[in-house]
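# Commentary on secondary and tertiary structure
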Amino acid sequence: MIARLSLTDFRNHADSVIAAPSGFVVLAGDNGAGKTNVLEALSLLAPGRGLRRASLSDMARQRGGGGFGVAATLADGVTIGTGTLGQAPERRVVRVDGVATPATALAERLSVLWLTPAMDRLFVEPAGERRRFLDRLTLALAPGHAHQAARYEAAMRQRNRLLGEGGSDVDPDWLAALEARMVEHGAVLDAERRATVAALSARLAGVEDDAFPRADLAIEGWEGAPDQLLRDLAGGRARDAAAGRTLAGPHRIDLAVTHREKDQPAALASTGEQKALLLGILLAHAELVADRTGRPPVLLLDEVAAHLDPLRRHALFDRLAGRGQVWMTGTEARLFDGVPDDALRLEVSGGRIDPR
Ligand SMILES: Nc1ncnc2c1ncn2[C@@H]1O[C@H](COP(=O)(O)OP(=O)(O)OP(=O)(O)O)[C@@H](O)[C@H]1O
Ligand SMILES: [Mg+2]
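Please read all numbers here as calculations on a predicted model, not as lab measurements. (Residues numbered from 1 in each chain as written. Chains lettered and ligands numbered in written order. Predicted model: local features only at pLDDT ≥ 70, side-chain atom pairs only at ≥ 80, totals over all residues. Heavy atoms only, no water.)

## Looking at helix α5 (residues 172–206)
Where we set the bar: The secondary structure listing takes helices from DSSP runs of H or I that are at least 4 residues long and strands from runs of E that are at least 2 residues long, numbered from the N terminus. Expected helix span is computed as 1.5 Å times (number of residues minus one). A 3.5 Å cut-off defines polar contacts: any pair of N or O atoms within that distance qualifies, except that in protein one atom must be a possible hydrogen donor and the other a possible acceptor, and neighbouring residues in sequence count only when both atoms are side-chain atoms.
Taking 1.5 Å per residue, 35 residues should reach 51 Å; α5 reaches 50 Å between its end C-alpha atoms and fits that length. By the N-cap criterion, in which a side-chain oxygen at the helix start approaches the backbone nitrogen of a residue two or three places on, α5 is capped by aspartate 171, the distance to aspartate 173 being 2.9 Å.

Okay, structure coming up:
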């Protein structure tokens, strides 16, 4: 968990500091106050581009010093810092205990999972969004997952470029080497995702909580054994060259989600049902991760309370209580009346954070 968070020139926060407890942190404030910005800053403490997938220059405060910084002290004393302060605007550094490290290494220190209003459309969006969601879940169980994904994608980009250059000048050995690398990392990537779906499915099957509908999960779109991927790649060069991208492989899978009781694809469920399904998946996963790794993920729940009826809202608070650190936002403080007394309640206003 995060014991202390500080934002420097991050979005509308010039200089905000939060000393956080192990349980709930509740951020209330008007629209545009800077609540989601705090969650976004926290999401940068995990590998990837954060919960908005924004460019680095967008995150640096306008009329600030030029760069931004996000720093955290974890409960075990480890410090994590990331940002562009003192760097070129599109260069972000990550430091663990002051030492520069690849962003993928952050997963060794901390798991961060989030739910935002934009994710309400997750089940109707293109497969890439669900893949990203699945990878985020997987990362919490397999900290090396981001590294595997990065290596797979780097090899794939090089292969695509090589095929795009085309003609007879393409070096077949180089192509074969890139494909071997894709198979190496793709096999791990794929196995980690499937293990996550299997473990989470088993977990979801055992959940007794009527507040959130049960989901069935499956991986679709590509059935891969490593030797199959090698054949797909080697045999698909002409096809991939014509398409300008790699048409088969673990980067093509989709996470299929079904509303179990209704036996319907999640995309057909109502907006509220989709939200509750997603929340049910996230809660079950957080519990799974805590049990498996002994390290509950930090949960960032943006505007979640506002979209739940009072019964479900209280069910959510009950289920989260005593289960690690949860950061929640809402425009009204009374939405959080049901959270435990030891919660930290903050008021956000114009990029400033005050106790309430
Ligand atoms: N780079 C930036 N520099 C300064 N301000 C920024 C920057 N990027 C965004 N903002 C400001 O941050 C504010 C939005 O903050 P945020 O999304 O955290 O609001 P919020 O409190 O979550 O509001 P809502 O309740 O509407 O979701 C906006 O007023 C926006 O103009
Ligand atoms: Mg917001």
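## Quick look at the site of ligand 1
Our working definition: Think of it this way: one heavy atom of a residue within 4 Å of a molecule or strand is enough to make that residue near it. Using the Shrake-Rupley algorithm and a 1.4 Å probe, accessible areas are obtained, with residue cover drawn only from the displayed protein chains. Each residue is assigned to one of three groups, with Ala, Val, Leu, Ile, Met, Phe, Trp, Tyr, Cys and Pro labelled nonpolar, Asp, Glu, Lys and Arg labelled charged, and all others, Gly among them, labelled polar.
The full set close to ligand 1 counts 17 residues, and Gly32, Lys35, Thr36, Asn37 and Arg52 are the nearest of them. One of the backbone nitrogen or oxygen atoms of glycine 32 is found 2.7 Å away from an oxygen atom of ligand 1. Glycine 34 places a polar main-chain atom, nitrogen or oxygen, 2.9 Å from an oxygen atom of ligand 1. Summarising the interface, the protein chains cover 71% of the accessible area of ligand 1, which totals 650 Å² for the free molecule. Here the shell around ligand 1 takes 3 residues from helix α1 (residues 35–43), the largest share from any one element. Among the residues making up the shell around ligand 1, the classes are represented as 2 nonpolar, 8 polar and 7 charged.

## Quick look at the environment of glycine 32
Following the sequence through the fold, glycine 32 ends up in the loop between β3 (24–28) and α1. Spatially, the C-alpha atom of glycine 32 lies 34 Å from that of histidine 259, the residues being 227 residues apart in sequence.

## Description of the side chain of histidine 251
As a reminder of what qualifies: Each residue is assigned to one of three classes by its accessible area relative to the maximum for its type, calculated with a 1.4 Å probe on protein chains only: buried under 20%, partly exposed between the two thresholds, exposed over 50%. Should any heavy atoms of two residues lie within 4.5 Å, those residues are counted as being in contact.
Structurally, histidine 251 can be placed in the loop between α7 (237–243) and β10 (254–259). For histidine 251, a relative accessible area of 14% puts it in the buried group. There is a polar contact of 2.8 Å between the side chain of histidine 251 and the side chain of tyrosine 152. Leaving out residues up to four positions away in the same chain, histidine 251 has contacts with Arg131, Tyr152, Met156 and Thr246.

## A look at the nonpolar core
For soluble globular proteins, the rule of thumb is that nonpolar side chains tend to be buried together. Test applied: Only buried residues count toward a nonpolar core, which is a set of Ala, Val, Leu, Ile, Met, Phe, Trp, Tyr and Cys residues joined through side-chain atoms within 4.5 Å. Note that the domain bounds reflect an automated or database-derived domain assignment.
Grouped together as the largest cluster of nonpolar side chains are 102 residues, with contacts concentrated most on Leu5, Ile281 and Trp327. For this core, the element with the most residues is helix α8 (residues 271–293), which contributes 11 residues. Formed jointly, this core draws a minimum of three residues from each of two domains, domain 1 (1–111 + 295–355) and domain 2 (120–293). Residues within four places of leucine 5 in sequence aside, it is in contact with Ser16, Val17, Ile18, Val38, Leu42, Leu45, Val70, Ala71, Ala72 and Trp327. Ranked by size, the runner-up nonpolar core spans 5 residues in total, among them Leu162, Leu163, Val170 and Leu175.

## A word on the domain arrangement of the protein chain
Threshold: Buried area: the accessible area, evaluated with a 1.4 Å probe, that two parts lose upon being put together, summed over both parts.
Once the domains are mapped, the protein chain shows domain 1 (1–111 + 295–355) and domain 2 (120–293). Spacing between the C-alpha centres of domain 1 and domain 2 amounts to 26 Å. Domain 1 puts 23 residues into the contact, and the matching count from domain 2 is 22 residues. With both chains or domains summed, domain 1 and domain 2 bury close to 2,000 Å², and 62% of this area falls on carbon and sulfur atoms.

## With respect to the sheet that holds strand β6 (residues 93–96)
Hydrogen bonds between backbone groups are what pair the strands of a sheet, and the pairing can be parallel or antiparallel. Filter applied, for reference: When DSSP finds two or more bridges between two strands, those strands count as paired. Inter-axis angles, ranging from 0 to 180 degrees, are taken between N-to-C directions of lines fitted to C-alpha atoms, where helices are fitted over the stretch in contact.
On the basis of which strands lie adjacent, the open sheet formed by 6 strands has the order β2-β1-β4-β5-β6-β7 and antiparallel pairing. The open sheet has two edge strands, β2 (13–19) and β7 (99–100), and neither has a second partner. With 6 bridges connecting them, strand β1 (residues 2–10) and β2 associate as antiparallel partners. Each bridged residue has a counterpart across the sheet, and for phenylalanine 10 the counterpart in β2 is histidine 13. Against the sheet, α1 contacts β1, β2 and β4 (69–74), and its axis sits at roughly 110° relative to β1.

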